[in-house]
Structure formats: C-alpha cells, structure tokens
Amino acid sequence: MIKFPNDFLWGAAASAPQTEGHSSRNGKSATTWDKWFELAPEKFNDNQGPENTSNTYEMFVEDVVNMRKIGMNSYRTSISWARLLPDGKNLNDEAVNFYRTYFQTMIDNGIEPIINLFHFDMPWWLMEKGGWENRESVDDFAYYAQVAFEQFGDLVHRWTTFNEPTVHIECGYLYGYHYPAVVDLRRAIQVGYHTLMAHVMAVQKFHQVNVDGQIGIILNVLPAYSRSDDAKDLGAKAISDLLSSRSFLDPVVLGHVPNELVKLLKRNELLPEINENDKQLIIDNTVDFVGINYYQPRRVQAPKNPNFPAKMPSDWFESYDWPDKRVNPYRGWEIYPPALYDIAIMMRDEYGNIPWYVSENGMGVADEERFIDDTGMINDQYRIDFMKEHLEQLHRGIEAGSNCFGYHMWTFVDCWSWLNGYRNRYGFYRLDLNNNYKRTVKKSGLWFQQITQNNGF
C-alpha cells in the first residue's frame, strides 16, 4: 500500500477559457482566442471555438458536487482577466458575483480553490497595445492581480500568477501555434522577460494587499535527457533545461535570473530590454510554493548545423528520437513516469526543497466513446494505469524527502483545448456536447475516489 502525506491535496486543474463558456456574454470582453476564432475559424478543430466550451458558467454547482463525489479536496482553475476587468480598468460586478459564488460553493463542499490569474487568455484590448511585448503589460497585469486579491482574497488562500508561461511565449512567438503566431526569437525573449516581471509585480501586490495566504506560479517542466554523455549532447541538455525550466524556476524561487542564461543571450545578441530596478524586484518577490505541470520529457542532442547568432532554440539543442520510448499516440507525447521522480529530487536539491505540487498530469485520448462499456461508462483503464505509474514515482520522490503537497490531474471534466477543441479528452467526467453538456463519470473518476478515500492505493 502506497500512502501519501496527511493533508495531501487530491484534485484536478482547468482554466476559465477552457471551461466557463459565455465568452462574449455577461460583460466579458474579447480575448485573443475570441478574436482569432473570428479571424481564422479554420485553424480550430471541428469549428469548436471559445464561446461555449464546457458551460461551467451555468453548471458550476453541479460540477462542484461531482468533484465532491470523487473525493477531490482541491481544484485549480483561473479567473478570466477579460471577464473581471473587461476594459482593464472597470470592474464587472457580475463577474465578481459569479466567481465569489463559485469559490464559496467549492469551500462549502470541502474543496479548496487554488486560483490562477493568467492561462493563455490575453485580453484583446491589451493585445492591441502589443500584449506582452509592451512593458505596459507588466503594470496592467499587476493592477488586475491587485483587484483579484482585493475581491477574492477572503475566500482564496492559495494563488498562482501564471500557468505555463513558457507556453504562451513559445506558442505565440516561436512556433506559430497561438496568436499572434509570430516566429521571432528576439521578440519571444522580450515577451518572456515581461511575463516574468508581470509575475514579480503581482507577487509584490499580493504582499501589499496583505492577503491571508500564499502565492506561487504554475510551471511546465520538461526534464531534458541527452542522447549520450558526449560533452556536446550534455551541453544541449543543459541549455534545454535552462530555457524550459530554469528560466522561470530560478528567478521565482531563488530570486535571480540564471547567469548562464544571461551569458547565452548576451553571446547571441538577444538580451531583452530591462528596467533599472528589476533585479531588486526579482530578489524581493519570490514565491511561497510552485506548481509543476508534467506531461512528457524532452530528449535532446547537439544540433548538427547551428546558426550563430542563434535564430531559434534548435540552434542550441535538437530533439532526439529515443528508440525505447512509449508514446501516447493521440498527442504524440512520450510517457515517461520516472521523470516525475527526477523533478521531485530537483526541487529538493536545487530549489531549497520549496513546497511544490503536481499541478497537472494527464492523458488525452481521442474518440473515448469507443471504450463505453455495458454500464454506459467509459472504461479508461489506460488513464488509471497512467496515473498509477506517475503516482508511484511521485511517492518515491516524497519518500526521498521532496516537499510535495499534492497531485492534480488535467482535468476534472472534458474541456475545450485551444486549437484542438474537444478532439482529445482528459477528464474524470465525460462531457456530452450533443446532450446539454451532460457530465458522466468515467472509470478513472471512480478509481480516483478510492485513492482520495485511502490517501493512496
């Protein structure tokens, strides 16, 4: 029997844009996703845009009851910036009422809300000013954070600033997956730096408002494994870890941008524009805890024909196709649970054993209706096996002294997933888009209920 620590957080994660729906209603203004769907609907799976998603705006009470049924004691979601402050300045009273009722309903059902401020959903009014490329965005985000803390700080005691900041940087400014679909390493680095400073200023606001609680950040970590022990391959691994993990982990936890990153960017003439007092602000505003999203590792090797100065990250490291890998065919992602143990040890040894939790882990599968059994339930044994393997590795890390306080799956109920829409399903509950958003528990939800009841398996 594997037992987890007392008061361990068992839950799931989601976001406002992927679940709420009502994206153009109830006082909310447009985000980049609303505008992009309007401009280029053909980019979106099966014409599934951000307007309706999972209709949590209307169905949150049912959702919270369903959370309780499978034993969840915590849930991480986000606030929509464009809903709370439609023009960036004036408060939407209906949004305040919605979120307060939503969070209070969780609390009344024994579920702790962990609330995130930004999950890829840039308000369009800010995008028109240049989005994260514009230094003004730092102050705009800090103001939004302050308003959120003032409006909900009596209900919410665990806050995070950003979910996976490297994703909106890479997808929006390097690889063309998210709006504005720019491919420009220099601009991506400036966006990354302003994102970091927006986080830092939000942490400062948290302390100024004097919220009773803790503040952190949610980071996606792709631990790098090199093709060989050759010095060049190991160098590629080091740069991969520097960009995908340390670029945010070091400043938010340790209070400084890694020297190696500064040297790398300087050598390649890619240093961002900074303000004079930024360094001190980073030192003064570190986090209380970290959420780690882990889905897959990164296999790397030295690049064969790198550009100098670098034009893309592939000039520093290239992906390596490990012949022994297991893959989730629906996402093309490698399944490698031992990396979760490696992350636990990294947090213990390199980041002062700061409190952290697994803020996302999960498996997306297409056409899950194939697995409906005689009882009408989706038999997603593959998801149970996935969780079990990862939890075994996480438990190893905790036993080795890593300060992990929870495990959240992505996600509670099947949700909308950006350009992929509802192609891949991740939830403990099935969402029937053709039947008034009906929620039905899957086998994995019943298994999760047993885990939460036993605090282990």
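Up top is the structure.
Residues numbered from 1 in each chain as written. Predicted model: local features only at pLDDT ≥ 70, side-chain atom pairs only at ≥ 80, totals over all residues. Heavy atoms only, no water.

Enquirer: Now, about the packing of aromatic side chains: what can you tell me, with residues and values included?
Expert: A full pass over the atoms with the stated rule returns 49 aromatic pairs. Here Phe-60 and Phe-98 contribute two aromatic rings whose centre-to-centre distance is 5.7 Å and whose plane-to-plane angle is 80°, an arrangement assigned as edge-to-face. With a gap of 38 residues between them, Phe-60 in helix H3 (residues 56-69) and Phe-98 in helix H5 (residues 93-108) connect regions that are remote in the sequence. Neither Phe-60 nor Phe-98 differs from the other in exposure class; each is buried. Between Phe-120 and Trp-418, the aromatic rings sit 5.2 Å apart at their centres with planes inclined by 50°, giving tilted as the arrangement. (Phe/Tyr/Trp six-rings, centres within 6.5 Å; stacked < 30°, edge-to-face > 60°. Helix = DSSP H or I, 4+ residues; strand = E, 2+ residues; numbered from the N terminus. Buried < 20%, exposed > 50% of the residue type's maximum accessible area, 1.4 Å probe, protein only.)

Enquirer: Describe the pattern of salt bridges, with residues and values.
Expert: Pairs can form between side chains of opposite charge once their charged atoms are near each other. Per the stated rule, a full pass over the model turns up 27 salt bridges. Here Glu-112 ties to Arg-158 by a salt bridge, and the two come within 2.7 Å at their closest N and O atoms. Residue Glu-112 is located in strand E3 (residues 112-118), and its partner Arg-158 is located in strand E4 (residues 158-163); the two are separated by 46 residues in the primary sequence. Residue Lys-237 pairs with Asp-241 through a salt bridge whose shortest N-O separation is 2.8 Å. With a gap of 4 residues between them, Lys-237 and Asp-241 both fall in helix H10 (residues 231-254), about one helical turn apart. Taking relative accessible area as the criterion, Asp-241 reaches 16% and is therefore assigned buried. In this structure, a network of salt bridges that share partners links the residues Glu-368, Asp-380, Arg-383, Asp-414, Arg-425 and Lys-442. (Salt bridge = Lys/Arg side-chain N within 4 Å of Asp/Glu carboxyl O.)

Enquirer: Help me get a handle on the nonpolar core, residues and values and all.
Expert: One finds Trp-159 and Leu-394 to be the most contacted residues of the largest nonpolar core, which totals 136 residues. It is helix H9 (residues 185-209) that provides the largest number of residues to this core, a total of 13 residues. (Core = buried A, V, L, I, M, F, W, Y, C linked by side-chain atoms within 4.5 Å.)

Enquirer: Which residues make up the pairing of strand E1 (residues 9-13), and what are the values?
Expert: Of all 5 residues in E1, 5 are buried, a share of seventy percent or more. Side chains Leu-9, Gly-11 and Ala-13 project from E1 onto one buried face, and the interleaved Trp-10 and Ala-12 project onto a second face that is buried too. Inspection of the sheet shows E1 paired to strand E14 (residues 404-410) by 5 bridges, in the parallel sense. Looking at E14, one finds that Leu-9 is bridged to Gly-406. Across 3 bridges, the pairing between E1 and strand E2 (residues 74-78) is parallel. Bridge pairing in E2 places Gly-11 opposite Ser-74. (Pairing = 2+ DSSP bridges.)

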